[in-house]
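# Structure assessment
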Amino acid sequence: AQSVTQPDIHITVSEGASLELRCNYSYGATPYLFWYVQSPGQGLQLLLKYFSGDTLVQGIKGFEAEFKRSQSSFNLRKPSVHWSDAAEYFCAALMFSGGYNKLIFGAGTRLAVHP
Amino acid sequence: EADIYQTPRYLVIGTGKKITLECSQTMGHDKMYWYQQDPGMELHLIHYSYGVNSTEKGDLSSESTVSRIRTEHFPLTLESARPSHTSQYLCASSGLKIQETQYFGPGTRLLVL
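Quick notes on the rules
Residues numbered from 1 in each chain as written. Chains lettered and ligands numbered in written order. Predicted model: local features only at pLDDT ≥ 70, side-chain atom pairs only at ≥ 80, totals over all residues. Heavy atoms only, no water. 1 Å grid on protein atoms, 1.4 Å probe; cavity = no way out; pocket = protein on both sides within 12 Å on 5 of 7 lines; lining within 4 Å. Points joined across faces, edges and corners; volume = space filled by probe spheres on them. Helix = DSSP H or I, 4+ residues; strand = E, 2+ residues; numbered from the N terminus. pLDDT = per-residue confidence, 0-100. Disulfide = S-S within 2.5 Å. Buried < 20%, exposed > 50% of the residue type's maximum accessible area, 1.4 Å probe, protein only. Phe/Tyr/Trp six-rings, centres within 6.5 Å; stacked < 30°, edge-to-face > 60°.

### Digging into empty space enclosed by the protein
- One pass over the full model with this rule turns up 1 cavity of 30 Å³ or more.
- Considered as a void within the structure, the largest cavity measures approximately 40 Å³ in volume.
- Lining of the largest cavity is provided by Tyr100, Asn101, Lys102 and Leu103 of chain A together with Lys31, Tyr33, Tyr35, Leu45, Tyr48, Tyr50 and Gln102 of chain B.
- Those elements that provide at least two residues to the lining of the largest cavity are strand S11 (100–105) of chain A together with strand S4 (31–37) and strand S5 (43–49) of chain B.

In structure tokens, the structure reads:
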């Protein structure tokens, strides 16, 4: 079945520490891949996206993600986390299913940042 | 400034009432979407539209209906709200090409008593 999995429901890091959020997908081909961030009470903001080419993509707010075809993964990273990064992060993949292309979301990872 | 707007942001309403959630975008996008998001859960597509007079149902079965009379406007209506409709509703828009990014509004948080 086509799906996006975010194994970590909740992650806590200290401010200044590095961060990696995991994302795996299940699909018969390479989908278009996205990471969104959602602050409390807000909509989703696009952090970065991968369509093809260089497997390391840079996004806004100092985030980057690496696509690994062999692992069907698209993990999000940041070298030094700021308190303002506390939010919920969603990985999503554009897949063809049911007759149309649709964006399938993971369940999200909630990030808490300790001072 | 190009953006996507949703009103109201928060709505508390009694069972049986008719409600309409508004979504407008000034992005110039043809495609628009409605997602439902329960707390701590992923987003589920409930409706989408390719353009004026085009509406389709998404993956998640919903008792809501939508209309697309104008390109920039994509309202969602519940004829008779029930407590099971309590959720957050997110509107999004994108261009027509497959790889176009979806941009999201701030959401409407609905509570049906």
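### Observations regarding the confidence of the model for chain B
- In this model, chain B carries a mean pLDDT of 92, and residues with pLDDT of at least 70 account for 99%.
- Confidence scores differ between elements of chain B, with strand S6 (residues 56–57) of chain B showing the lowest mean pLDDT of 91 and strand S3 (residues 19–25) of chain B the highest of 97.

### As for the state of the cysteines
Residue and element names in this part refer to chain A.
- Scanning the model with the defined rule gives 2 disulfides over all chains in all.
- A disulfide bridge connects Cys23 with Cys91, and the sulfur atoms are separated by 1.9 Å. Handedness here is read from the sign of the S-S torsion; for Cys23 and Cys91, about -65°, the answer is left-handed. Highlighted residues: Cys23 in the loop between strand S3 (19–21) and strand S4 (24–26) and Cys91 in strand S10 (residues 87–97), separated in sequence by 68 residues. Cys91 shares its class with Cys23; the two are buried.

### Comments concerning the packing of aromatic side chains
- By the definition in use, this model includes 15 aromatic pairs over all chains.
- Look at Phe63 of chain A and Tyr89 of chain A: their rings are 5.6 Å apart centre to centre, the planes differ by 50°, and that puts the pair in the tilted class. Pair noted here: Phe63 of chain A is in the loop between strand S7 (56–58) and strand S8 (64–68) and Tyr89 of chain A is in strand S10, with a separation of 26 residues, a long-range link.
- Plain terms: the ring middles of Tyr35 of chain B and Phe104 of chain B are 5.5 Å apart, the flat faces sit at 40° to each other, and that makes the pair tilted. Here Tyr35 of chain B, found in strand S4, pairs with Phe104 of chain B, found in strand S10 (residues 103–104); they are 69 residues apart in sequence, far enough to count as distant. For the pair shown, Tyr35 of chain B and Phe104 of chain B are each scored as buried.
- Grouped by ring-pair contacts, the aromatic residues Tyr32, Phe34, Tyr36, Phe51, Phe90 and Phe105 of chain A together with Tyr33, Tyr35 and Phe104 of chain B constitute a single cluster.

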